[in-house]
Amino acid sequence: MTLNGWLQIALFCAIILALTKPIGLYMYRVYEGPQRPLGRWLGWLERGLYRACGTDPAVGQTWVQYAFAMLVFSGVSLLVTYTLLRLQHLLPLNPQGFGPLGPDLAFNTAASFTTNTNWQSYGGETTMSYLSQMAALAWHNFTSAAVGIAVAVALARGVTYRPGPEGSHSIGNFWVDLIRGIVYILLPLSLLLAALLIWQGVPQTLDANAAATGLDGGVAQSMARGPVASQLAIKQLGTNGGGFFNANSAHPFENPTPLTNFLEMLAIFLISAGLTYTYGRMARDQRQGWVLFGAMALLFVVGIGVVYHSESQPNPAARGLAIDQLAGNLEGKEVRFGIANSALFATITTDASCGAVNSMHDSFNPLGGLMTMVNIQLGEVIFGGVGAGLYGVLVFVVLSVFIAGLMVGRTPEYLGKKIEAREMKLAALYILIFPFVVLGFSAWAAVAPYGVASLNNSGPHGLSEILYAFSSGGGNNGSAFAGLNANTPFWNTALGIDMLVGRFLMIIPALAIGGALLNKKIAPPSLGTFPTDGALFGALLLGVIVIVGALTYLPALALGPIVEHFLALGGHLV
């Protein structure tokens, strides 16, 4: 580890902290303000989309109606994407003449992008037409991200609403929240970031592959290109992560300069961090938002410290070889980014449910790979995906408040609202769904011949590849230990189901909690009220997140990256 590396990490943290308030305030005005920012320029688009959807923005929805609208929209989007991918060879904007995707791969890809996971069992530049990249995949990058933000805002409304004499049954309108997120947040930010990326050399063209002759004058090379910058911008801002190229953000066309690398990392955290400030405004107590931000930030700092330290150590697989490893473990990393920026990018992308990578996590030292996996398994609440991080951490807040209530021997309260049996059952359901699907599918794949046949490694690292894949799918992250060949009927189908369950069966109880808390009367604080706006509650929240994650996944991790670490220390390569 170097001083230069730590300074770059500190600079990233400082800029994210500085941007959290302005972007959070902007999003609060988008969803809760009397007038939308940029309404003078974009209001016509918002109103036109309302008319096209047949939506009255003044009409609210119950949590059941909200959830139903979200599920219908996502289901139709999945079917349309599946159909387009199956028929891409018959559609225009396919200069390379790519054929249709097989049924299992089309299902996996449609499920992946619908759920904001963007797991890719294919190489984008050798599989997807330009139309598929733009109309199917980039479209989902906008809509799935907007769905996540909408659900977070809806839950926040239920938690923070102060009921009057007549109360309310509305947590918002799904179509309104979806459209506002796309029109006022994702579109403007994507246009700005795409322009910066094009300025730095990222391609944006509909021309076919370019031909280039090498310096030796030999056979011309075919260089893939396409509408890269537009998809790259929204994949980072929406924490989608699916790369235009198979190498993702390690590819020089997706990430050509140190500035693009830094901008891409900032974009991943920007909206998720800002939503904590948005929540504080909705709660009418900004300290509530800063407690969430502080807990997330501390987990992030610990994670980057572990990964950076681990990758600064020599690769045990190269022990005894005539290789200079003073710079650390550079296998699977771009030398132009180095250890610090590779470790920082890996931590950010697994914290934020993004999945974009500028280095190969499969090549990390065991403890580095362990930390990236743990980041996902903690529930993707370390800032998390756009929206998903906020509604995930609010569920942990409900659990933490309940535990605090047990400690002081009285009915737990959060923002003056009592947390009772119904909310706890829903919170427990939310927390149990994720490990159930991850560990269940991992166990299946680890014993089935058609599961282990796709592994590139045996032993503990092979188990890590399986566990990482289903953690990434269920956590809607999308990154992978790339030694796994996931493009088989079993893996495409299993991961597709894993992603759908990890997204939608967790959103439903989150919305139900918002509906349950919406009309609860607010009790005035008393001497027995546990304060939720200070460091003590932040520490309790941290403890609950870590303990739940440790109790759930430690046995599986002990058989994978942890035992691999100790075997490597003993000189046993795995």
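Relevant structure appears above.
Residues numbered from 1 in each chain as written. Predicted model: local features only at pLDDT ≥ 70, side-chain atom pairs only at ≥ 80, totals over all residues. Heavy atoms only, no water.

A. Geometry of the overall build of the protein. Secondary structure assignment for the protein yields 18 helices and four strands. Computed over its C-alpha atoms, the radius of gyration of the protein comes to 23 Å, within 12% of the 25 Å expected for a compact globule of 574 residues. Taking the principal axes of its C-alpha atoms as reference, the protein extends roughly 80 × 55 × 45 Å. Looking at the protein as a whole, 59% of its 574 residues qualify as buried. Summarising the internal contacts of the protein: among those between residues at least 6 apart in sequence, 78% fall at separations of at least 24. Side-chain charges of the protein comprise 26 positive and 26 negative groups, with the mean position of each set lying 15 Å from the other. (Helix = DSSP H or I, 4+ residues; strand = E, 2+ residues; numbered from the N terminus. Rg over C-alpha atoms; globule rule 2.2 N^0.38 Å. Buried < 20%, exposed > 50% of the residue type's maximum accessible area, 1.4 Å probe, protein only. Contact = heavy atoms within 4.5 Å. Lys, Arg positive; Asp, Glu negative; His and termini not counted. Charge placed at Lys NZ, Arg CZ, Asp CG, Glu CD.)

B. Molecular detail of the pattern of salt bridges. Tallied over the full model, the rule gives 11 salt bridges. Note that Arg 36 is salt-bridged to Glu 46, the shortest N-O span being 4.0 Å. With Arg 36 in the loop between α1 (3-32) and α2 (39-53) and Glu 46 in helix α2, this residue pair connects regions lying 10 residues apart in the sequence. For the pair Arg 36 and Glu 46, one class covers both residues: buried. Between Glu 311 and Lys 333 there is a salt bridge, with its nearest N and O atoms 2.7 Å apart. Here the residue Glu 311 occupies a position in helix α10 (residues 286-311), and Lys 333 occupies one in the loop between α10 and α11 (338-351), the gap between them amounting to 22 residues. One salt-bridge network, held together by shared partners, links Glu 32, Arg 157 and Asp 177. (Salt bridge = Lys/Arg side-chain N within 4 Å of Asp/Glu carboxyl O.)

C. Representation of a nonpolar patch on the surface in the model. A cluster of nonpolar side chains, namely Phe 68, Val 72, Val 76 and Val 80, defines an oily patch on the protein surface of about 380 Å² accessible area. Checked against the element boundaries, Val 80 lands in helix α3 (residues 63-86). Given the relative accessible area of 52%, Val 80 is considered exposed. (Patch = residues over 30% accessible without salt bridge, like charges linked within 9 Å, V, L, I, M, F, W, Y side chains within 5 Å. Areas by Shrake-Rupley, 256 points an atom, 1.4 Å probe, with all protein chains shown as cover.)

D. Geometry of the state of the cysteines. Applying the stated rule across the entire model yields zero disulfides. Cys 354 carries a free sulfur, and the closest cysteine sulfur to it, the one in Cys 13, is 17 Å from it. (Disulfide = S-S within 2.5 Å.)

E. Highlighting the side chain of Thr 205. Structurally, Thr 205 can be placed in the loop between α7 (174-199) and β1 (210-212). Here the side chain of Thr 205 touches Asp 207 through a polar contact of 3.0 Å, landing on its backbone nitrogen. Excluding its chain neighbours within four sequence positions, the residues that come into contact with Thr 205 are Tyr 130, Arg 225, Gly 226 and Pro 227. (Polar contact = N/O pair within 3.5 Å; in protein donor to acceptor, adjacent residues only side chain to side chain.)

F. Representation of the packing of helix α6 (residues 130-160) against α7 within the structure. One way to put it is that α6 packs onto α7 with a least axis distance of 8 Å and a crossing angle of 125°. In terms of orientation, α6 and α7 fall into the oblique class. Remark: the crossing between α6 and α7 carries right-handed chirality. Note on element contacts: α7 touches α6 through Phe 174, Asp 177, Leu 178, Ile 182, Leu 186, Leu 187 and Ser 190, opposite Phe 142, Thr 143, Ala 145, Ala 146, Val 147, Ala 150 and Arg 157. (Axes fitted to C-alpha atoms, helices over the stretch in contact; angles between N-to-C directions. Parallel < 35°, antiparallel > 145°, perpendicular 65-115°, else oblique. Left-handed = near helix turned anticlockwise from the far one by under 90°.)

G. Looking closely at the nonpolar core. Judged by nonpolar contacts, the single largest core of 156 residues is most densely connected at Phe 12, Ile 185, Phe 269, Ile 271, Tyr 391, Phe 470 and Trp 491. Sorting elements by how many residues they give to this core places α6 first, with 14 residues. Setting aside residues up to four positions removed in sequence, Ile 185 forms contacts with Tyr 26, Met 27, Val 30, Tyr 31, Arg 180 and Ile 271. Counting 10 residues, the second-largest nonpolar core is a separate cluster that includes Leu 84, Leu 101, Phe 113 and Tyr 122. (Core = buried A, V, L, I, M, F, W, Y, C linked by side-chain atoms within 4.5 Å.)

H. A look at the packing of aromatic side chains. Following the criterion strictly, the structure yields 24 aromatic pairs and no others. Aromatic side chains Tyr 66 and Phe 174 sit 5.7 Å apart centroid to centroid with 85° between the ring planes, which places their arrangement in the edge-to-face category. Of the two residues, Tyr 66 is situated in helix α3 and Phe 174 in helix α7; the sequence distance between them amounts to 108 residues. Phe 174 shares its class with Tyr 66; the two are buried. Aromatic rings pair up to connect Phe 12, Phe 262, Phe 269, Tyr 277, Trp 290, Phe 293, Phe 300 and Phe 383 into one cluster. Lying over the aromatic face of Tyr 28, Arg 281 brings its terminal NZ or CZ to 5.0 Å of the ring centre. (Phe/Tyr/Trp six-rings, centres within 6.5 Å; stacked < 30°, edge-to-face > 60°. Lys NZ or Arg CZ within 6 Å of the ring centre and 35° of its normal.)

I. Layout of helix α18 (residues 535-569). The terminal C-alpha atoms of α18, which comprises 35 residues, lie only 38 Å apart, well short of the 51 Å expected from a rise of 1.5 Å per residue. The largest bend along α18 reaches roughly 60° and is located at Leu 557, with the proline Pro 561 sitting one to four residues downstream. (Expected span 1.5 Å × (residues − 1). Bend = angle between axes of the 7 residues up to and from the residue.)

J. Molecular detail of the packing of α6 against helix α13 (residues 388-408). For the pair α6 and α13, interaxial distance at closest approach is 7 Å and the crossing angle is 35°. Pair α6 / α13 crosses with left-handed handedness. When α6 is examined against α13, the residues Gly 148, Val 151, Ala 152 and Leu 155 are found in contact with a partner set consisting of Ala 388, Leu 390, Tyr 391 and Leu 394. Partitioned by chemical class, the residues of the contact of α6 with α13 number seven nonpolar, one polar and no charged. (Nonpolar A, V, L, I, M, F, W, Y, C, P; charged D, E, K, R; others polar.)

K. Quick look at unusual backbone geometry. Not every positive phi belongs to a glycine, and Leu 38 is a case in point at roughly 65°. Look at Asn 118: it is not a glycine, yet its phi comes out positive at around 60°. Among the structural elements, Asn 118 can be located in the loop between α4 (103-114) and α5 (124-127). Given a relative accessible area of 2%, Asn 118 falls into the buried group.

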